[in-house]
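Chain residues, written in single-letter form:
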Amino acid sequence: MNLQLKSGALQQVLALASLVVLLVTFSISSGNFFQFSNLIGILLSTAVIGVLALGSTFVIITGGIDLSVGTVMTLSAVMTGVFITFWGLPVPVGILGGILTGALCGLLSGTAVAKMKIPPFIATLAMMMIAKGLALIISGAKPIYFTEAESFANISQGSVLGSLIPGFDIPNAVLIFFIAAILGFLILSKTIIGRYNVALGSNEEATRLSGVNVGYWKIVIYTLTGAFTGLAGVMMASRLNSANPALGAGYELEAIAAVVLGGTSLSGGKGTIMGTVIGALIMSVLTNGLRILSVPQEWQTVVVGFVIILAVYADMLRRRKA
Amino acid sequence: MSEILVHMEGITKKFPGVMALNGCRFELRKGEVHALMGENGAGKSTMMKILTGVYQKDEGSITYKGRTVEINHPKAAQDAGISMIHQELNLAPDLTVAQNIYIGREPRRKLGLFLDEKALNRQVEALFERMGLVMDPSALVADLTVARQQMVEIAKALSYNADVLVMDEPTAALSEAEIEDLFRIIRQLRAEGVGIVYISHRMDEIKRITDRITVMRDGQYIATVPTAEVSTQDIISMMVGRQIYDTSKPEGVSRDRETVLEVQGVSRGRVLSDVSFTLKKGEILGVAGLVGAGRTELARVIFGADRPDAGEIRVHGQPVRMKGPHDAVRHGIGYLSEDRKRFGCIVDLDVKSNVAIASYRRFLKPAGWMDTGRIRQEAERIVDRLRVKTPHVDQEVKFLSGGNQQKVVIGKWLTRDCDILIFDEPTRGIDVGAKSEIYKLLNELAAQGKSIIMISSELPEILRMSHRIIVMCEGRITGELGHEEATQENIMQLATAAM
Ligand SMILES: Nc1ncnc2c1ncn2[C@@H]1O[C@H](COP(=O)(O)OP(=O)(O)OP(=O)(O)O)[C@@H](O)[C@H]1O
Ligand SMILES: [Mg+2]
């Protein structure tokens, strides 16, 4: 038991260590970095990408990929806007609708992958374009504002924790991110969805021949990823207090990067939720720190690229040794 | 006495939580076939992987051709003339036979930029001719049967013109005819002065082809003896260190038992034509035939892994149409694949997940969470019962020895508790002690009223275990024999009947 925990934990310790090194380096380099408000800012900017990355982790562990999460997130935000602003539905219903929109897109991608046997890269590329187009069509290519429903903004921007514990003003978006992470962790390690997810990622045929309906479970997993994506969409809409159909493209790559930084293997069968959380944090700490050090935005992206190479290389070295 | 090629002394190798080798020794002479024997997990493969540079030893020394050597890398071993056929196949399925054999050493055209496919295929044809093997060098490996893939591995090892050749269970997937081919090649190499290490659990092969035997137990050296001077019983007791009892023959089943499975007129492509048979409750039905006779295909069709073109399958009298293996499992059918690495176990998962993978619904708590405590208990029970050698049930299956992986896959189906079990080469790679335990287990299952279809290429096993035997040849059933009337001869006759 200890053995396996060790090997799984090591991967996270490595990612965690990089995170700590980054935090220390930036704190030393700039007095502005290690401030409560800046740290909250980092967490806040992690929340949406983080939830997206959490969802992507499931599909990536199957050995697949979901390129549609960026634009599906946008579509979910737009649909939330449609439900709440255009149709005047109550806020909770709108939220649920947004999440279900994401889940439905995942269901479709999953069906294309599992039943029509379209490679995940292609199926989700198509879904990416479909969602992008639909978001523009439905919104009339204009942002939808949530000015009528004031409580909607509170979902991301309010602070339940702050109202419970004075001074502890952690925005809800961050809270939702951590709750989603716990949920993801439970699904991956304590339910059969998670177990089949890992099993079919490491050897799909052997899993099928064990009597597991792999087609069905793949659809379940893509739908799950979609639901997390929908949640990210709601969070983003609430944070901006508007659903902007032009945002979202490219987020899928950042989500994938966070997952990979967290030690999940793109060839499937290996990955942890904890790793993804750390991966997402590394990404935003890096961007935030570089910005505080006044590194131009173009260069921030370049640095992130190099960091991804380094992190994955370090992980491979470790694995080769083991 | 001929020259000593390899001498390994005091070899120790630790893996996390496992002492795989503990001061082990081994010696190989020029021009001998030397058997390495021991139970599953005794350390045979590990010992040879150290010789061929796959693993690094922790302690000990290796002398090769009179000089002390450090072999740090498989390439170093190959360059020195030591080559190995691994227990697990290591071929790239999407490359051709020839490309696989010369991978990393491809012949180039003049400038060295372009590959010379023609020269490559010519070289491979020459190699096949020397081996007396008929195979198309440009066939894709993915399209070959396991047996043919194994022959490709053997050809690849031979292509290095090695002085030392290690064969780790080379015949596990081969048919009788191919085993004969292999033995002919081995004799030829021995005459040329090659030293051959031969790892196998099949006593008859050891007796036939090897000159000396080294026995290992629990990572330690036990003895080296000339093959001609020891009895099978001696070897077994050296290997096991305890007495193993030979199980009885199966008790007869009366004819009026209820029928649990009926296969009627099943055909599929060119591999199965018009196959019909029945299986009764509590019966062990042996399916004999040469490799390629369609036995595995039949099993896959019954299990829903492949769809039949025609015919009907009835379970407990009800016609069933299976969309996939999950439907078969729901009807109480389990299937143990002959290809453990590809279709049997999920090597990246631990022992307990592999044991539970077919039965998770049994291990759910009311709220839908997995009951890890019960899964662990069940896995520990299986490990005990099948004597799986593993430090704990959280060990990833890829760290188990080949035979122990096979036991884990058997454990998966025991856990599932099926009414109908199809075992395709269940004792492949399993040591003698464990074999008789599996036979005992099959008898127990049958006595409990489970029905078993046992596919096996080992005739003694089929003869000993089956209540009834059906023989297949080229996709057809060529005959059915009762337990009393079956002999090796009449089975072989039926197995070649359609040819
Ligand atoms: N990479 C590894 N990591 C951890 N343990 C290992 C590893 N390789 C082998 N072992 C362990 O070392 C022991 C010896 O294994 P080895 O594969 O040499 O056995 P073997 O004699 O070849 O058995 P078999 O007849 O089943 O093939 C086993 O207990 C096995 O679980
Ligand atoms: Mg072995």
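The residue numbers shown here count from 1 along each chain, following its written sequence. All chains are assigned letters beginning with A, and all ligands numbers beginning with 1, in the order in which they are written. Thresholds applied to this predicted model are a pLDDT of at least 70 for local features of residues and 80 or more for the giving and counting of side-chain atom pairs; totals over whole chains, interfaces and linings are not thresholded and use all residues. Each side-chain value is worked out from all heavy atoms of the structure, with water and hydrogens disregarded.

An unreviewed UniProt entry annotates chain B as ABC transporter related protein originating from Paenibacillus lactis 154.

Looking at an unreviewed UniProt entry, chain A carries the name Ribose transport system permease protein, with the source organism given as Paenibacillus lactis. UniProt positions are given in the numbering used here, feature names are shortened, and annotations may be inferred rather than shown by experiment. Under the UniProt heading Subcellular location (unreviewed entry), the note attached to chain A is "Cell membrane".

Visitor: Just give me the short version of the packing of aromatic side chains, but keep the residues and values in it.
Guide: For Phe, Tyr and Trp, rings pair up if their centres lie within 6.5 Å, where Trp contributes its six-membered ring, and each pair is then called stacked (planes under 30 degrees apart), edge-to-face (over 60) or tilted (otherwise). Tallying each qualifying case throughout the model produces 12 aromatic pairs over all chains. Measuring from centroid to centroid gives 5.4 Å for Phe26 of chain A and Phe33 of chain A, while their planes differ by 45°, and the two rings are tilted. For the pair shown, Phe26 of chain A and Phe33 of chain A are each scored as buried. With 4.1 Å between their ring centres and 25° between their planes, Phe146 of chain A and Phe152 of chain A make a pair best called stacked. Here the two residues Phe146 of chain A and Phe152 of chain A agree in accessibility, since each one is buried. Joined through ring pairs, the aromatic side chains of Tyr196, Tyr216 and Trp217 of chain A together with Tyr360 of chain B make up one cluster. The residue whose ring lies beneath Arg25 of chain B is Tyr221 of chain B, and the NZ or CZ to ring-centre distance is 5.0 Å. Stacked on the ring of Phe399 of chain B, the Lys or Arg Lys398 of chain B has its end atom at 5.7 Å from the ring centre. Working definition: with a 1.4 Å probe on protein chains only, accessible area under 20% of the residue-type maximum means buried, over 50% means exposed, and in between means partly exposed. Two thresholds decide whether a charge sits over a ring: the Lys NZ or Arg CZ must be within 6 Å of the ring centre and within 35 degrees of the ring normal.

Visitor: Just give me the short version of the site of ligand 1, but keep the residues and values in it.
Guide: All names here are of chain B. The nearness test applies per residue and asks whether one of its heavy atoms lies within 4 Å of the molecule or strand. Around ligand 1, the surrounding shell holds 20 residues, and the nearest of these are Lys44, Ser45, Thr46, Ser401 and Gly403. Residues adjacent in sequence count toward polar contacts only when both atoms are side-chain atoms; beyond that, a polar contact is any pair of N or O atoms within 3.5 Å, and within protein one must be able to donate a hydrogen and the other to accept it. One of the backbone nitrogen or oxygen atoms of Gly43 is found 2.9 Å away from an oxygen atom of ligand 1. Gly403 is positioned such that a nitrogen or oxygen atom in its backbone is 2.8 Å from an oxygen atom of ligand 1. Bound to the protein, ligand 1 loses 94% of the 640 Å² it would expose on its own. Helix and strand definitions follow DSSP, with helices as H or I runs of at least four residues and strands as E runs of at least two, each counted in order from the N terminus. Counting only elements with at least two residues in the shell around ligand 1, the list comes to strand E2 (18-29), helix H1 (44-51) and helix H14 (402-416). Among the elements that take part in the shell around ligand 1, H1 stands out by supplying three residues, more than any other. In the shell around ligand 1, the residues fall into seven nonpolar, 10 polar and three charged. Of the residues that make up the shell around ligand 1, three or more belong to each of domain 1 (4-240) and domain 2 (259-495). Per-residue and other accessible areas were derived by the Shrake-Rupley procedure at a 1.4 Å probe size, with only the shown protein chains allowed to occlude residues. Classification convention: Asp, Glu, Lys, Arg as charged; Ala, Val, Leu, Ile, Met, Phe, Trp, Tyr, Cys, Pro as nonpolar; all other residues, Gly among them, as polar. Just so you know, the domain bounds were taken from an automatic or database domain assignment.

Visitor: I'd like a description of the sheet that holds strand E9 (residues 212-217) of chain B, backed by residues and values.
Guide: Strand pairing in a sheet is mediated by backbone hydrogen bonds. Such pairs are either parallel or antiparallel. Residue and element names in this part refer to chain B. Pairing between two strands requires that DSSP report at least two bridges joining them. The mixed open sheet is built from six strands, whose spatial order is E6-E7-E8-E3-E9-E10. What marks the edges here is a single partner per strand, and that holds for strand E6 (82-85) and strand E10 (220-226). Shown here is a sheet whose adjacent strand axes are inclined to one another by a mean of 20°, direction ignored. Here E9 pairs with E10 via six bridges, running antiparallel. Its bridge partner lying in E10, Val215 is registered against Ala223. Axis geometry follows a simple rule: fit a line to the C-alpha atoms, using only the stretch in contact for helices, then measure angles between N-to-C directions, giving values from 0 to 180 degrees.

Visitor: Describe the nonpolar core, listing the residues and the values that go with them.
Guide: To form a nonpolar core, buried Ala, Val, Leu, Ile, Met, Phe, Trp, Tyr and Cys residues must be joined to one another through side-chain atoms within 4.5 Å. Core analysis: the biggest nonpolar cluster contains 94 residues, and Val51, Leu54, Phe58, Phe152 and Met235 of chain A together with Tyr360 of chain B have the highest contact counts within it. With 12 residues, helix H11 (residues 214-240) of chain A is the single largest residue contributor to this core. Within the second largest apolar cluster, 66 residues are counted, among which are Val260, Ile302, Met322 and Ile430 of chain B.

Visitor: Can you explain the environment of Met235 of chain A? Please cite residues and give values.
Guide: Residue and element names in this part refer to chain A. Tracing the sequence through the fold places Met235 in helix H11. Sequence separation between Met235 and Phe152 is 83 residues, and the spatial gap between their C-alpha atoms is 9.6 Å. Here, two residues are considered to be in contact whenever any of their heavy atoms come within 4.5 Å of each other. Beyond its immediate stretch of four places on either side in the chain, Met235 contacts Ala47, Val48, Val51, Ser156, Ala173, Ile176 and Phe177.

Visitor: An account of the confidence of the model for chain A is needed here, citing residue identities and associated values.
Guide: The quantity known as pLDDT measures the predictor's confidence residue by residue, on a range of 0 to 100. Per-chain confidence: chain A averages 90 in pLDDT, with 95% of residues scoring 70 or above. Across chain A, the element-wise mean pLDDT spans from 73 in helix H1 (residues 2-29) of chain A up to 97 in helix H4 (residues 91-114) of chain A.

Visitor: Account for the packing of H4 of chain A against helix H5 (residues 120-139) of chain A, with residues named and values stated.
Guide: Residues and elements named next belong to chain A. The contact between H4 and H5 brings their axes to 9 Å, and the two run at 145°. For H4 against H5, the interelement crossing comes out right-handed. In contact with Cys105, Leu108, Ser109, Ala112 and Val113 of H4, H5 contributes Pro120, Ala123, Thr124 and Met127. Partitioned by chemical class, the residues of the contact of H4 with H5 number seven nonpolar, two polar and no charged. Put simply, a crossing is left-handed when the front helix is turned counterclockwise from the back one by less than a right angle, and right-handed when it is turned clockwise.

Visitor: Report on the sheet that holds strand E1 (residues 4-15) of chain B, specifying residues and quantitative values.
Guide: All names here are of chain B. On the basis of which strands lie adjacent, the open sheet formed by four strands has the order E2-E1-E4-E5 and antiparallel pairing. A strand with exactly one partner marks an edge of an open sheet, and here the two such strands are E2 and strand E5 (67-69). The sheet shows a mean angle of 25° between the axes of neighbouring strands, direction not considered. Direction of pairing for E1 relative to E2: antiparallel, over a ladder of eight bridges. Bridge pairing links Ile11 to Cys24 in E2.

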